[in-house]
Amino acid sequence: MEKTNEQLIAILKQFAIDEDMVSAVPFGNGHINDTLKVTNSKGEIKYILQRINHHIFTNVDMLQNNIFTVTSHIREKLVARGEQDVDRKVLTFIPAKDGKLYHFDGDSYWRVCLFIPRSKSFEEVTPQLSYEAGKAFGDFQTMLSDLPADALGETIPNFHNMEFRLKQFRDAVEANAAGRLEEVKDLVAEIEKRAKDMCIQEELYREGKLKKRTNHCDTKVNNIMFDEEGKVLCVIDLDTVMPGFVLSDIGDFIRTGANTGAEDDENLDNVEVNLEIFEAYTRGYMETAKAFLTPQEIKLLPYGGRLLTYMQTVRFLTDYINGDTYYKIHSPKHNLIRTKAQFKLLLSLEAHAPEMDGFMQTWL
């Protein structure tokens with residue numbers, strides 16, 4: 001249900017804000033939460049109000065505790081470094097008057113953070129922005145690398161667990177709920193052919209050769225705020241920050257940022273890996289993250305791109321076989337189109353694997 005401005009102001013009054021707010025209007029283009037910018041009686045944009053999508057993030061307590069833990073930890077690191085203007089370099093959340101990190105109005109969950117002035121974000125992906133993004137996400141992980149393993153919960157359980165995603169896929173194939181299996185049997189065979197090789201990180205973890213880290217899990221250029229001069233201020237969109245493997249963060253950037261086509265490109269000739277973007281992001285990432293990474297992790301970073309692309313291929317195909325029950329679609333074959341585009345990117349990543357893996361030798 002849409003809220004009136006009056007209702008939104010009433011929600012804002014539940015937070016520890018000591019000035020009059022007069023309007024809250026939609027802001028940005030996020031797909032998960034509803035985001036609004038809040039203006040005070042002087043006409044200044046001071047806060048961001050968000051309605052949390054509690055259908056995706058079902059444990060709002062955990063979600064907000066995660067974000068508070070992460071932002072507090074980063075703030076301490078920035079202060080210790082002697083950084084200036086810290087409020088522009090880490091998100092600052094305002095507690096509700098009852099002390100909680102959110103407000104529940106009987107229908108929806110809401111949170112408030114400070115608006116970062118004189119900031120901007122970018123949608124396009126260029127080599128220079130990729131390099132800056134790599135540095136930003138590497139620094140983000142570095143600052144959080146000493147968080148205890150049990151400091152955060154999984155806001156979306158098994159989000160990047162390949163064994164879990166394959167179980168969902170195989171359950172879908174067995175059920176064949178939408179009667180689409182015959183149409184996609186060749187793709188199913190391609191998934192199964194790679195399945196064992198794509199579960200390496202879970203196996204290494206069980207063997208004690210790969211450890212869990214604190215990851216962002218949504219590493220896109222538009223999840224970074226820049227200042228007026230194009231310098232990185234901070235990483236935003238912290239809902240998916242949780243324990244996982246470092247392969248996730250570099251892998252998801254390769255999957256999304258280093259794709260020459262669209263995620264749902266119908267013209268598969270458009271879809272290839274952009275090696276310049278991969279190398280730029282990796283250089284930036286290694287500049288800031290190398291100190292805490294193990295040789296095993298460094299060696300596997302390009303594999304992360306193949307893994308996350310394979311994972312998304314599996315997830316789109318699973319949804320298509322199930323009858324489109326998870327992802328929003330814009331046409332009856334949308335999930336199949338997405339599957340084929342992701343699989344084409346995977347083929348390109350596999351073809352370029354020797355040079356991508358070789359690129360990492362610089363840091364070993």
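Scoring rules and cut-offs
- Residues numbered from 1 in each chain as written.
- Predicted model: local features only at pLDDT ≥ 70, side-chain atom pairs only at ≥ 80, totals over all residues.
- Heavy atoms only, no water.
- 1 Å grid on protein atoms, 1.4 Å probe; cavity = no way out; pocket = protein on both sides within 12 Å on 5 of 7 lines; lining within 4 Å.
- Points joined across faces, edges and corners; volume = space filled by probe spheres on them.
- Helix = DSSP H or I, 4+ residues; strand = E, 2+ residues; numbered from the N terminus.
- Buried < 20%, exposed > 50% of the residue type's maximum accessible area, 1.4 Å probe, protein only.
- Contact = heavy atoms within 4.5 Å.
- Salt bridge = Lys/Arg side-chain N within 4 Å of Asp/Glu carboxyl O.
- Polar contact = N/O pair within 3.5 Å; in protein donor to acceptor, adjacent residues only side chain to side chain.
- Phe/Tyr/Trp six-rings, centres within 6.5 Å; stacked < 30°, edge-to-face > 60°.
- Expected span 1.5 Å × (residues − 1).

K.L.:
Would you mind showing me how to read the layout of surface pockets here?
P.N.:
Empty space among the atoms can be located by rolling a probe the size of a water molecule over them. Computed from the structure, the second largest pocket encloses a volume of approximately 370 Å³. Lining the second largest pocket are 21 residues, with Arg 81, Asp 139, Val 232, Leu 233 and Cys 234 positioned closest to its centre. Where the lining of the second largest pocket is concerned, the elements lending two or more residues are helix H2 (60–81), helix H3 (127–143) and strand S9 (232–235). The element best represented in the lining of the second largest pocket is H3, accounting for 6 residues.

K.L.:
Is there a simple way to explain empty space enclosed by the protein in this structure?
P.N.:
Scanning the entire structure with this criterion turns up 1 cavity of 30 Å³ or more. A volume near 30 Å³ is recorded for the largest cavity. Around the largest cavity sit Gln 64, Ile 67, Phe 68, Phe 93 and Leu 101, which together line it. With 3 residues, the single largest contributor to the lining of the largest cavity is H2.

K.L.:
Explain the side chain of Thr 282 to me, please; I cannot follow it from the model alone.
P.N.:
Along the chain, Thr 282 turns up in helix H8 (residues 275–289). With a relative accessible area of 0%, Thr 282 lands in the buried category. The residues touching Thr 282, leaving out its near neighbours within four places in the chain, are Ile 250, Phe 359, Met 360 and Trp 363.

K.L.:
What is the right way to read the environment of Ile 254 from this model?
P.N.:
Relative to the helices and strands, Ile 254 is located in helix H7 (residues 247–257). Residue Ile 254 is classed as buried on the basis of its relative accessible area, which comes to 2%. The spacing of Ile 254 and Tyr 281 is 27 residues in sequence and 8.4 Å in space, taken between C-alpha atoms. Other than its neighbours up to four places away in sequence, Ile 254 contacts Asn 259, Phe 278, Leu 301, Gly 305, Leu 349 and Met 356.

K.L.:
What is the right way to look at the pattern of salt bridges in this model?
P.N.:
Once their charged atoms are close, side chains differing in charge can pair, the charge on each being opposite to the other. All told, the structure shown has 31 salt bridges when counted by the stated rule. One salt bridge connects Glu 83 with Lys 89, and the closest N-O pair in it is separated by 2.9 Å. Residue classification places Lys 89 among the partly exposed residues on the basis of a relative accessible area of 24%. Its salt-bridge partner being Arg 180, residue Asp 324 comes within 3.0 Å of it at the nearest N-O pair. With Asp 324 in the loop between helix H9 (295–322) and helix H10 (334–351) and Arg 180 in the loop between helix H4 (162–175) and helix H5 (185–194), this residue pair connects regions lying 144 residues apart in the sequence. Of the two residues examined, Asp 324 and Arg 180, each falls in the buried class. A single salt-bridge network, built from bridges that share partners, covers Arg 81, Glu 83, Lys 89 and Asp 139.

K.L.:
Honestly, the environment of Arg 111 in this entry has me stumped. Any pointers?
P.N.:
By the element assignment, Arg 111 lies in strand S6 (residues 109–114). Using a relative accessible area of 4% as the deciding quantity, one classes Arg 111 as buried. Polar contacts involving the side chain of Arg 111 include one to the side chain of Gln 50, which spans 2.8 Å. A polar contact of 2.8 Å, which involves the side chain of Arg 111, links it to the side chain of Asp 239.

K.L.:
How should the packing of aromatic side chains be read in this particular structure?
P.N.:
Each aromatic ring pair is summarised here by two numbers: the centre-to-centre distance and the angle between the ring planes. Under the criterion given, the structure shown has 11 aromatic pairs. Ring plane angle 85 degrees and centroid distance 4.8 Å describe the contact between Tyr 326 and Tyr 327, whose orientation is recorded as edge-to-face. Given the relative accessible area of 17%, Tyr 327 is considered buried. Clustering of aromatic rings is evident, with ring pairs tying together Tyr 102, Phe 104 and Tyr 109.

K.L.:
In this structure, what is going on with H3? I would like to understand it.
P.N.:
In an α-helix, one turn spans 3.6 residues; hence positions three or four apart end up facing the same way. Between its terminal C-alpha atoms H3 stretches 24 Å, which fits the 24 Å expected from 17 residues at 1.5 Å a residue. The buried count for H3 comes to 13 of 17 residues, which makes it a mostly enclosed element.

K.L.:
Could you clarify how one ought to interpret unusual backbone geometry in this entry?
P.N.:
A negative phi holds for most residues other than glycine; trans holds for most peptide bonds. One non-glycine residue with positive phi stands out, namely Asp 85, at about 55 degrees. For Asp 85, the position within the fold is in the loop between H2 and strand S4 (93–94). Its identity as a non-glycine residue notwithstanding, Asp 324 has a phi of 60 degrees, on the positive side. Given a relative accessible area of 17%, Asp 324 falls into the buried group.

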